[in-house]
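Here is how the chains run, residue by residue.
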Amino acid sequence: MAELTYVQAISQALVEELRRDERVFVIGQDVGMFGGAFKVTKGLQEEFGEWRVIDAPLSEVAIVGGAIGAALVGLRPIAEIQFADFVSIAWDQLTTVAAKQHYRAGTPVPLVVRLPSGGGFSGGPFHSQSPESSFAHVPGLKIACPATPADAKGLLVSALADPNPVLYFEHKHLYRRIKGEVPDGRFAVPFGKARIHREGSDATVVTWGAMVHTAAEAAEIVAADGISAEILDLRTLAPWDREAVLGSVAKTSKLLVLHEDVRTGGFGAEIAATVAEEAFESLDAPITRIAAPDTPVPFSPPLERRFIPQVEDVARGLRELAAY
Amino acid sequence: MAELTYVQAISQALVEELRRDERVFVIGQDVGMFGGAFKVTKGLQEEFGEWRVIDAPLSEVAIVGGAIGAALVGLRPIAEIQFADFVSIAWDQLTTVAAKQHYRAGTPVPLVVRLPSGGGFSGGPFHSQSPESSFAHVPGLKIACPATPADAKGLLVSALADPNPVLYFEHKHLYRRIKGEVPDGRFAVPFGKARIHREGSDATVVTWGAMVHTAAEAAEIVAADGISAEILDLRTLAPWDREAVLGSVAKTSKLLVLHEDVRTGGFGAEIAATVAEEAFESLDAPITRIAAPDTPVPFSPPLERRFIPQVEDVARGLRELAAY
Amino acid sequence: MALAREAEPVGSLHEIREAGLARDDLLTIYRHLLVTRGVEERGHILYRQGKIPGSFYTGRGNEAAAVGVATAMGPHDVGAPLHRDMGVQIVRGVEPWRIFANYMGRAGGPAKGKDGNVHMADDHLGLIAMVSHLPAVMPVAVGCALAFRIREEARVAVTWFGDGASARGDTHEAMNFAGVRRLPVVFVCDNNHWAYSTPSHLEYACDRIADRAQAYGFEGVVVDGTDVLAVYREAGRAIEKARAGGGPTLLECETMRMEGHAAHDDASYVPREMLEAWAERDPIDRFRAWLREHAGLTEGEEDDLRSDVKRLLEDAVRRAEESPLPEPETALEGVYAEPGELDVLHFP
Amino acid sequence: MALAREAEPVGSLHEIREAGLARDDLLTIYRHLLVTRGVEERGHILYRQGKIPGSFYTGRGNEAAAVGVATAMGPHDVGAPLHRDMGVQIVRGVEPWRIFANYMGRAGGPAKGKDGNVHMADDHLGLIAMVSHLPAVMPVAVGCALAFRIREEARVAVTWFGDGASARGDTHEAMNFAGVRRLPVVFVCDNNHWAYSTPSHLEYACDRIADRAQAYGFEGVVVDGTDVLAVYREAGRAIEKARAGGGPTLLECETMRMEGHAAHDDASYVPREMLEAWAERDPIDRFRAWLREHAGLTEGEEDDLRSDVKRLLEDAVRRAEESPLPEPETALEGVYAEPGELDVLHFP
Ligand SMILES: Cc1ncc(C[n+]2csc(CCOP(=O)(O)OP(=O)(O)O)c2C)c(N)n1
Ligand SMILES: Cc1ncc(C[n+]2csc(CCOP(=O)(O)OP(=O)(O)O)c2C)c(N)n1
Ligand SMILES: [Mg+2]
Ligand SMILES: [Mg+2]
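Residues numbered from 1 in each chain as written. Chains lettered and ligands numbered in written order. Predicted model: local features only at pLDDT ≥ 70, side-chain atom pairs only at ≥ 80, totals over all residues. Heavy atoms only, no water.

Asks: How do you make sense of the packing of aromatic side chains when you look at a structure like this?
Replies: Ring pairs (aromatic) are described by centroid distance and by the angle formed between their planes. Tallied over the entire structure, the rule returns 39 aromatic pairs over all chains. For the ring pair A:W208 and A:F267, a centre distance of 6.3 Å and an interplane angle of 75 degrees mean the geometry is edge-to-face. In this pair, A:W208 is assigned in the loop between β10 (203-207) and α7 (211-223) and A:F267 in helix α9 (residues 267-278), connecting sequence segments 59 residues apart. A cation over an aromatic ring shows up here: C:R149 above the ring of A:W51, its NZ or CZ 4.0 Å from the ring centre. (Phe/Tyr/Trp six-rings, centres within 6.5 Å; stacked < 30°, edge-to-face > 60°. Helix = DSSP H or I, 4+ residues; strand = E, 2+ residues; numbered from the N terminus. Lys NZ or Arg CZ within 6 Å of the ring centre and 35° of its normal.)

Asks: How do you make sense of the coordination of the magnesium ion (ligand 3) when you look at a structure like this?
Replies: Under ideal tetrahedral coordination, the four donors around a metal are separated by 109.5 degrees; under ideal octahedral coordination, the six donors are separated by 90 or 180 degrees. Residues and elements named next belong to chain C. For the magnesium ion (ligand 3), every protein donor is listed as D163 (OD), N192 (OD1) and W194 (O), and the spread of their distances is 2.0 to 2.1 Å. All donor residues of the magnesium ion (ligand 3) come from one chain, and their arrangement in sequence is D-x28-N-x1-W. In this pair, D163 is assigned in the loop between β3 (157-162) and α7 (169-181) and N192 in the loop between β4 (185-191) and β5 (194-195), connecting sequence segments 29 residues apart. Take D163 and N192: they sit in the same class, and that class is buried. (Donors = N, O, S within 2.8 Å, 3.2 Å for Na, K, Ca; no water. Buried < 20%, exposed > 50% of the residue type's maximum accessible area, 1.4 Å probe, protein only.)

Asks: Where do I start with the sheet that holds strand β13 (residues 255-262) of chain A in this structure?
Replies: Pairing between sheet strands relies on hydrogen bonds along the backbone, with the strands arranged either parallel or antiparallel. All names here are of chain A. Judged by pairing direction, the sheet is mixed, and its five strands sit side by side in the order β9-β11-β10-β13-β14 without closing on themselves. Single-partner strands in this sheet number two, and they are β9 (195-198) and β14 (288-292). Here the average twist between neighbouring strands, direction ignored, is 25 degrees. Taken together, the five bridges between β10 and strand β11 (residues 229-233) define a ladder with parallel strand orientation. Its bridge partner lying in β11, V206 is registered against L232. (Pairing = 2+ DSSP bridges. Axes fitted to C-alpha atoms, helices over the stretch in contact; angles between N-to-C directions.)

Asks: For this particular structure, what's the right way to read the relation of the copies chain B and chain A?
Replies: These two copies of the chain differ by a rotation about an axis and a displacement along the same axis. The transform that puts chain B on chain A rotates by 180 degrees and translates by 0.0 Å along the axis, for an RMSD of 0.0 Å. Overall, the copies show the geometry of a two-fold rotation axis. (Least-squares fit on C-alpha atoms with pLDDT ≥ 70 in both.)

Asks: Any chance you could explain the interface of chain B and chain A here in plain terms?
Replies: Where interface size is quoted, it is often the accessible area lost as the parts come together. In this complex, chain B contributes 44 residues to the contact, which on the side of chain A involves 44 residues. Both faces considered, chain B and chain A share a buried interface measuring about 3,900 Å² in area, 62% of it formed by carbon and sulfur atoms. Across the chain B-chain A interface, the total number found is six salt bridges. With a closest N to O distance of 2.6 Å, B:E277 and A:R289 form a salt bridge. Where chain B touches chain A, the interface holds 24 residue pairs in polar contact (both at pLDDT 80 or more). (Contact = heavy atoms within 4.5 Å. Buried area = accessible area lost by both parts, 1.4 Å probe. Salt bridge = Lys/Arg side-chain N within 4 Å of Asp/Glu carboxyl O. Polar contact = N/O pair within 3.5 Å; in protein donor to acceptor, adjacent residues only side chain to side chain.)

Asks: Got a minute to help me understand the site of ligand 1 in this structure?
Replies: Ligand 1 sits among 20 residues. The nearest are B:E60, C:H83, C:S132, C:G164 and C:W194. Between B:E60 and ligand 1, the recorded distance is 2.6 Å, taken from a side-chain N or O atom to a nitrogen atom. At 2.8 Å, a backbone N or O of C:S132 approaches a nitrogen atom of ligand 1. For ligand 1, the accessible surface in isolation is 570 Å², of which the surrounding protein chains cover 96%. Looking at side-chain class alone, the shell around ligand 1 contains eight nonpolar, nine polar and three charged residues. (Near = heavy atom within 4 Å. Areas by Shrake-Rupley, 256 points an atom, 1.4 Å probe, with all protein chains shown as cover. Nonpolar A, V, L, I, M, F, W, Y, C, P; charged D, E, K, R; others polar.)

Asks: Explain the site of ligand 2 to me, please; I cannot follow it from the model alone.
Replies: The full set close to ligand 2 counts 20 residues, and A:E60, D:H83, D:R84, D:G164 and D:W194 are the nearest of them. Residue neighbours of ligand 2 fall on chains A and D, so the site bridges chains. A distance of 2.8 Å is found between a nitrogen atom of ligand 2 and a backbone nitrogen or oxygen belonging to D:S132. In the model, an oxygen atom of ligand 2 is placed 2.8 Å from a nitrogen or oxygen of the D:G164 main chain. Summarising the interface, the protein chains cover 96% of the accessible area of ligand 2, which totals 570 Å² for the free molecule. When grouped by side-chain class, the residues that make up the shell around ligand 2 number eight nonpolar, nine polar and three charged.

Asks: Just to check I follow, could you spell out the interface of chain A and chain C for this structure?
Replies: Counting from both sides, the interface comprises 42 residues of chain A and, opposite them, 43 residues of chain C. For the pair chain A and chain C, the summed buried area comes to about 3,700 Å², and 63% of that belongs to carbon and sulfur atoms. The largest share of the area that chain A buries against chain C comes from A:W51, A:Y103 and A:R104, three residues that together contribute 24% of it. Summed over the shared surface of chain A and chain C, the result is two salt bridges. For A:R104, the salt bridge is made with C:D115, and the minimal N-O distance between the two is 2.7 Å.

Asks: What am I meant to see in the coordination of the magnesium ion (ligand 4) here?
Replies: All names here are of chain D. The magnesium ion (ligand 4) binds to the protein through D163 (OD), N192 (OD1) and W194 (O); the donor distances cover 2.0 to 2.1 Å. Expressed as a motif, the donor residue spacing for the magnesium ion (ligand 4) is D-x28-N-x1-W. By relative accessible area, which is 7% here, N192 ends up buried.

Asks: Mind showing me how you'd approach the state of the cysteines here?
Replies: Working definition of a disulfide: a covalent bond connecting the sulfur atoms of two cysteines. In total, this model carries zero disulfides over all chains according to the counting rule given. With no disulfide of its own, C:C144 lies closest to C:C189 among cysteine sulfurs, the gap being 20 Å. (Disulfide = S-S within 2.5 Å.)

Asks: Please clarify how the side chain of D:H119 should be interpreted in this entry.
Replies: By the secondary structure assignment, D:H119 is in the loop between α5 (96-103) and α6 (138-150). Not counting residues up to four positions away in its chain, the partners in contact with D:H119 are A:F126, B:R104, D:N102, D:A111, D:M130, D:V131 and D:S132.

Asks: Sorry if this is basic, but what is going on with helix α4 (residues 91-105) of chain A here?
Replies: Here α4(A) spans 20 Å end to end across 15 residues, near enough to the 21 Å set by a 1.5 Å rise per residue. At the exit of α4(A) stands A:G106, carrying a positive phi of roughly 75 degrees. (Expected span 1.5 Å × (residues − 1).)

Asks: Before we go on, may I ask you to explain the sheet that holds strand β7 (residues 166-171) of chain B in this structure?
Replies: All names here are of chain B. Spatial ordering of the open sheet is given by β3-β2-β4-β5-β7-β6-β12, a layout of seven strands whose pairing is mixed. Sheet topology places β3 (53-55) and β12 (236-238) at the edges, where each strand pairs with a single neighbour. Mean inter-strand twist for the sheet, computed between neighbouring axes without regard to direction, equals 20 degrees. Where helix α1 (residues 6-20) meets the sheet, it contacts β2 (24-28), β4 (76-80), β5 (112-117) and β7, and its direction lies at approximately 145 degrees from that of β7.

Asks: Is there a simple way to think about the side chain of C:T226 in this case?
Replies: All names here are of chain C. Secondary-structure assignment places T226 in the loop between β7 (219-224) and α8 (228-243). Within the local environment of T226, its side chain forms a polar contact with the side chain of D224, the two groups lying 2.7 Å apart. Of note is the side chain of T226, whose polar atom sits 2.7 Å from the side chain of R286. Discounting chain neighbours no more than four positions away, the residues touching T226 are G61, A64, E254, W278, R281, P283 and R286.

Asks: Just checking my understanding: could you explain unusual backbone geometry for this structure?
Replies: Keep in mind that most residues, glycine aside, have a negative phi and that most peptide bonds are trans. Cis peptide bonds are those with omega within 30 degrees of zero, and the linkage from A:A238 to A:P239 qualifies with 0 degrees. When you line up the elements, A:P239 lands in the loop between β12 (236-238) and α8 (242-252). Here the residue pair D:L134 and D:P135 is connected by a cis peptide bond, since its omega of -15 degrees sits within 30 degrees of zero. Here D:P135 lies in the loop between α5 and α6. We note that B:D30 has phi near 65 degrees; this positive angle belongs to a residue other than glycine. Tracing the sequence through the fold places B:D30 in the loop between β2 and α2 (44-48). Residue classification places B:D30 among the buried residues on the basis of a relative accessible area of 3%. Positive phi, close to 55 degrees, is recorded for C:K112, a residue that is not glycine. Turning to its location among the elements, C:K112 is positioned in the loop between α5 (96-103) and α6 (138-150). Classification of C:K112 by relative accessible area gives exposed; the value is 52%.

In C-alpha cells, the structure reads:
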C-alpha cells in the first residue's frame, strides 16, 4: 500500500500496464515528452518510445478512430482526449463506429479513452464539462468515473482488460487534491459494482466522481444534526449497480441523486426513474436530484460556484429529505 | 382546412415560409432538383433558385456550421440532415457552437435543423435512430418532435420564428402513413405545450413522435377492457410541458412513459424522475417506462419489431398499470 | 494544375506477367468480376421480389476498381470497402450465400440480421464492416495501419471513400495523420462522379481528388477504374510501397455509378449521354475483350465460367433463403463483447 | 513542390501608399500593435497576481499577423479570431478595459463572466466569439460568407486557424465548401510552428499549409507574419478578391509563438535558438524600424504614442477592476434568446 494522489494512481496504472503488456499503447495530443496537459503521461515516452506513446496531431477523429482501428486488430490503445469537452468532436466515432461494432460485426473493440473532465477551477464552458451522461445513453459503451486513487487505478486496469470501448472519465479537480491508499501491484476494480463510501441509515446519496467528496463533506455536516447519510459511489455508469442502489434505498427509504453535469436528461434521471419504478413501495419521500442547472459551465468563480453543486446544497438536500 | 399527409404538411410549411420571408433558406444534401431523400423539398429549388435551396456537399459539419454562421448574421437557415443518424457528425457544432452561443456571446442563433428520424422499415442501425434524447440533455437547444400533420406544420413555423437553435425531428415512418386536417395558411404551434391526443382517466401515457400513434392503438385496445388511457403528446422535449404531465398524473395517478429511443438515459427517464420528485404523493403505482432495449437498432424485421415498442407492449403496460 | 500522376492503361500479357499475374490469375479476376456483378444483379431481383427489406445498393460500373484493388492485397492486409465495393468482399472470399443472407436479414448472414445491405464483415478475411456514416471507417483503417507500424508487421490497410465522402472531415483527419506518420495505408477513392444526386462540381473544386495527396505529403495517382488490370497494377504498387515503409498513397479510380444511388432511385438527374458513354467502357466487357485479344480466352472457357458462376449464385440464393430469420430475442444479444472473445485472434 | 505563392516583403512608403495606407494609418497600425502587446503583457501580470482565474494565453509574436489582417478588413466584414489574435479585437475596437474585465470574469466583460480568456465577441464590431474546440468556428465563418453571397452583399468573412488546428476535419469541410461555392471568405492560418508542445512535422506533412488551397480550388499565399505591411497587403488582396466575387484565399502567416502555450507552460520543449532567431524578427521592433526609416517616425511621436498607450491600459485595468463580479444568479440567465432579440440587427 502506498499513499498516492489520484493523478499518481492513474500514471502508475499506465506505466505498469505498458510494462506488462506490449499491446498497450498511449495516443493523444502532447502525451509524449511533454507528458500531457496534466502530466499524467510524464516519463512514459522516455521509457516506451515514440511508437508506444504517440504524439498525435490536433485530430480527435484521427485519435479515436485510429485507436478503434488499432483495437480491432489486436492492440490495447489508450487514447487521451486533452480535455473531456473535446470528445464532442469524436462523438461520431464513438457512437457510430465503436459502440455498434460488436453488435453488428462481432469483433471486440478493446479501447480505452481517457477523458479529463469536470470543473471547479474556472476552466469555462469548454474545459469543465462532465459529459459522461451523454455517453451513458449509448448502448455498447462502458463508462468509468473513479472518485478515489485506488479506484482510479483499479478501474483503469479493468478498462484495459475489457473487450469493449470504455470511456474513462478522470476528474481533473481530483488530480492533486485527493490522496489515498492504493494497493501495490496490479489489481482490478470490477465494473458495475458500487462502493459504499460512507455507511448510513437515514438517506442514500448516489453519486460518482468528484461529487463523492462533496457528498462526504455534506454528510459530515449533517451528521452533527443526527442525520446519517449513506454515500454510494457508483464508480461506473455503464454498467451501473442497480442492485446496490435499490438495496441501499430499501434500507434508508430516501434517495438523493447527485451529479456535476446538468440536471435535465443527466444520468441522475435514469437512477431516479429506475428507483421510482422498482422501489416505489420502499420510498418514504420524493426522490431528490441535485445537479448543475441547465446552462453551459460558466467561467467566473461566483458563477461557477452557482453551477457546480456545493457542499451546502447537498447538506440542505439531506436535511430536507430527513425532515420529510 | 385541408387533409394533408405529414410530409405534405412539412413541405407546405417550407414553401410558405420561403415565400413569406426571404431570409429563410434551405441547405442540405440533395435537397435541390432531387427534392431530398424523402422528397420533402421537391419543387423548392425550381421556385426559389439555387441560393435559397442549396445542395451541399456530403459535409454535415459544413452544413450545420454554415447554417449557424448564416443564422448569426441574420438569415433563417433550415438545414436538412439526410437521416437524423448522421447528425452525430455535427454533434460538436450543435453542442459546442450553437447551444452555447447565446449564453456566452449574447447573439441569437435562429437555426432550424430538420432531422428525419425513427425506424420501422428495416433501415438498420444507421438509418433508424431517434437521437432526440441525446440533444434534450444539452442546454441551449430546443427540440420538436411532431406527431401529426398539423403539428408538423405548426411546430416548423414556431421553430423558424424561434431565436434559438431548434432540432426538428420529423419521423420518417409518419411521412406518408399519417394524414390529418391542417389549418390553411400560417399558424404556429407553441413550444412547450403538450397536446392531449386522447382523454382518459385511468392512466397517463406520455410520449411523442410516432409512438403517439402506437399509444393510441394500444389505448383503443385496452378501452375494450374498460381501461381509459389519457395520451399526452409532448410535441417538444426542450422545453417540455411539465405542468401538463403533472396535471394529467394528478388526475389519473398512474404514468406510463413511452419512447422509441433506447431506454437507459432516454428522455423518458427525465419525465419519470420529474414525476417521482414532484408528484410523489399522487402516484398510485410505480411509473412504467416502455422504450427500446439498450441495443443499436437492428435491421432484420423480426429483430426490429423486438426493438421498437409495439402496440401489444403498450397495451400490456397499460393493463398492468390499471391492475396495480 | 495536375498534381496526381495519371496511370497508363495496361497493355500486353507480358506486361501483366511482370505485374505478377499468370493466365490463371487473370481468369480468377474475370470470375470475380462476374460473381460481383452477378451477386448484385440477383440481389436486385430479390429486392424487387420483396425478399430484401430496407434499401438496396449496387456498385455496377465499379466492379473492376473493387476487384482490381482487392486482388493486389495480401492475405494479412485489411480492407474497409464500402457500398460500391462488392468486388472486395468477393475477392476476399466472402461466400455469396452469406451476402444474400445479409441482404435478406437472415441469421446466416455475417451480421446475423443485425445489420443489412453490404454492412458486414468477416474479420478473419481481413474485412472491416462499413458504417453508413461516410467515411467514418477511414480513420479506423488508418488505426489498423498504425497498429501494423507499431508491431512492425509487413501489413497494409486499404480504405475506400467516394467523391462525395471526400468532402467529409474524416477523410482529412485520416489522410493527414497517415501522412504525418507515413503509415502503411492506401486510400482508394471510387470517383463515380455522383454522390446520390449531387455531381462532382458541388462536392469538390480541385481537378482531381488524387491531387489532394500532396496536401498530406504523399503521392496521388489517378487510374481508369474500368481497367481492372491498370487498377491492379497501381494498387499493387501503392500497397507494396506502403508495405515497404514508403507511406500512404491516394489512388483515385475513375468510374461511373451506372445505376441509381439505390434501388428506389431512377437517377433521372444523370444525363443519358453520360451513361451511354460509360456503358461503352463496361469493366467486364472491357476485360473480356482484353482476355480474348491478349490471353486467348475461348468461348468454351467462357461458357464454363459463366455457367459455373450461375450455379454458384443459384445455390447461394437457395442457401440464403433456407437460412432462417433470426429469433426476435437475439436482438438483445451481443451489444457487449465477453472477455473470452479477446482470446480469439481477430484480423489474423 | 511549392504550390502557394510566397509574398514579397513590403518595401517603400510609396508602395504602401498604393496599398491604401497614409502615414496616419501607419501610426494607427503601430498603435494597435503596441496596444495588442500591452494588453497581453498587463494581462500576464494580472494573471500572476492571481487576478485572472483559469488560464492565460498570449499571442506574442503574432501581433503583426493579427493587426495586419484586421486592418485590411472592411467595417461590415466579420471575423472569427482565435487565442493568438488579440490584435484583431483591438483593431475592431474592443475596448481594452472590457478585455481585462473578460479575463477577470467581471460583469463588464463582453461575456459577463460566463466565458473567459479572449473568448468574447461584440457582434456589432463584426466579431464571432471563439470556442475552445479548434477550429469549430471556421465552418461558421464560412456560413457568414454564405449569407453574404445569398444576400449579394459585398461583405467578407475572415476566419483563423493554427498549424495544429489545420489537422482537424473542420478546416477541410470549411475550405471545401467555400471552394465549391466560391464564397467570400479568407482563411488565415497563423502558423506559429507549435501546437501546444507539438511541432509542425507531427501536425502536417506538406511543405506549406497554404499549399492545401489547391485541394480546394483557390489560391494559397504564404506571407511573413512578422511584417505587418506585407500581411496587410496580402490580406487586403485576398479580402478584395473575395469581395469582388473571386472566391476564397488561404493566407498562411508565418510567425512564432514566442511564449508558452499558456501561462503555465515554460515551453522548455522549444529550442532556445529558435526563439532567439525569431526574437530578431519581433514584429513590433521591425515595424518601428521601418517607420523610422521610411516614414520618419520621430522619438517625440513615439514617446507620445507609448505614454498614450500606457495611460489607456492603466485606465483599462482600473476600470476592469472596478467592474463587479457577476451576481451568482446570473449564471442561470441567457441560455436561450428571447424572440425580441431578433429585432436588433446583429453583425451590422
Ligand atoms: C455522413 C453521411 N451523410 C450522408 C449520407 C447519405 N448518403 C449515402 S450515400 C451518399 C452519397 C455518397 O456519395 P459518394 O461518397 O460519392 O459515394 P457513392 O455512393 O457515389 O459511391 C449519401 C449522401 C451518408 N451515408 N453519410
Ligand atoms: C479540438 C481541440 N483539441 C485540443 C485542444 C487543446 N489545445 C488548445 S490550443 C492547442 C494547440 C493549438 O495549436 P495551433 O492550432 O497551432 O494554435 P496555437 O495555439 O499554436 O496558436 C491545443 C491542442 C483544443 N483547443 N481543441
Ligand atoms: Mg460517388
Ligand atoms: Mg500553432
